[in-house]
Amino acid sequence: MASPDTGDTRARGTVEVADRAIERIARAAVLAVDGVAPAASTAGGLGTALGRTYPRLDCEIAGDHVRASVEIAIRWPASARQVGEKVQAAVTTQLHHLAGLHVDSVRVVVAQVVRHVADEPRRVR
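Parameters and conventions
Within every chain, residues take consecutive numbers counted from 1 along the sequence as written. Two thresholds apply to this predicted model, a pLDDT of at least 70 for residue-level local features and 80 or more for giving and counting side-chain atom pairs, whereas whole-chain, interface and lining totals are computed over all residues. Here the side-chain values reflect all heavy atoms present in the structure, with hydrogen atoms and water set aside. Secondary structure follows DSSP: runs of H or I at least 4 residues long count as helices, runs of E at least 2 residues long count as strands, and numbering of each begins at the N terminus. Only protein chains enter the accessibility calculation, which uses a 1.4 Å probe; a residue is then buried when its area is under 20% of its type maximum, exposed when over 50%, and partly exposed in between. For the accessible areas, the method is Shrake-Rupley and the probe is 1.4 Å, while residue cover comes only from the protein chains on display. We count a salt bridge whenever a side-chain nitrogen from Lys or Arg sits within 4 Å of a carboxyl oxygen from Asp or Glu.

### Here we look at the overall build of the protein
Secondary structure assignment for the protein yields three helices and three strands. Scored against the burial criterion, the 125 residues of the protein give a buried share of 26%. Summed over all atoms, the accessible surface of the protein reaches about 8900 Å², with 50% contributed by carbon and sulfur.

### Some points on the environment of Ala62
Along the chain, the position of Ala62 falls in strand β1 (residues 56-62). Exposure remark for Ala62: the relative accessible area of 52% places this residue in the exposed category.

### So, the pattern of salt bridges
Per the counting criterion, the structure on display carries two salt bridges. Here Glu71 ties to Arg56 by a salt bridge, and the two come within 4.0 Å at their closest N and O atoms. Placement of the pair is Glu71 in strand β2 (residues 65-75) and Arg56 in strand β1, with a sequence separation of 15 residues. Since its relative accessible area comes to 30%, Glu71 is described here as partly exposed. We classify Arg56 as partly exposed; its relative accessible area is 32%. Taking the shortest distance from any N to any O, the salt bridge between Glu85 and Arg81 comes out at 3.4 Å.

As structure tokens, this is what we get:
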């Protein structure tokens with residue numbers, strides 16, 4: 001194999017990251033932000049089964065650029081503005097570092113405020 005400084009111009013190949021992987025990276029970044037309510041606390045059993053939990057993500061990918069739209073639920077009494085800014089920063093950082101994408105924008109909507117966040121699901125006896 002030729003070294004990079006020999007002037008060899010052969011293509012080395014490409015790496016593609018699947019759209020689903022990009023959304024998973026963004027979801028993990030969102031859920032790691034303090035103040036974001038975990039998915040299990042944002043919908044009942046039926047809502048969870050139907051996929052109606054938060055965060056909800058939509059990533060538009062064009063080449064190596066991405067625009068993300070995120071709907072989140074936050075824990076009471078967290079500041080919507082502060083949590084939203086942290087979510088924007090976390091998503092931008094993780095998509096850039098883990099997927100090598102240029103993040104053009106991250107739109108965050110606080111769609112729900114959750115008063116009580118259950119650590120464990122309730123069990124019926």
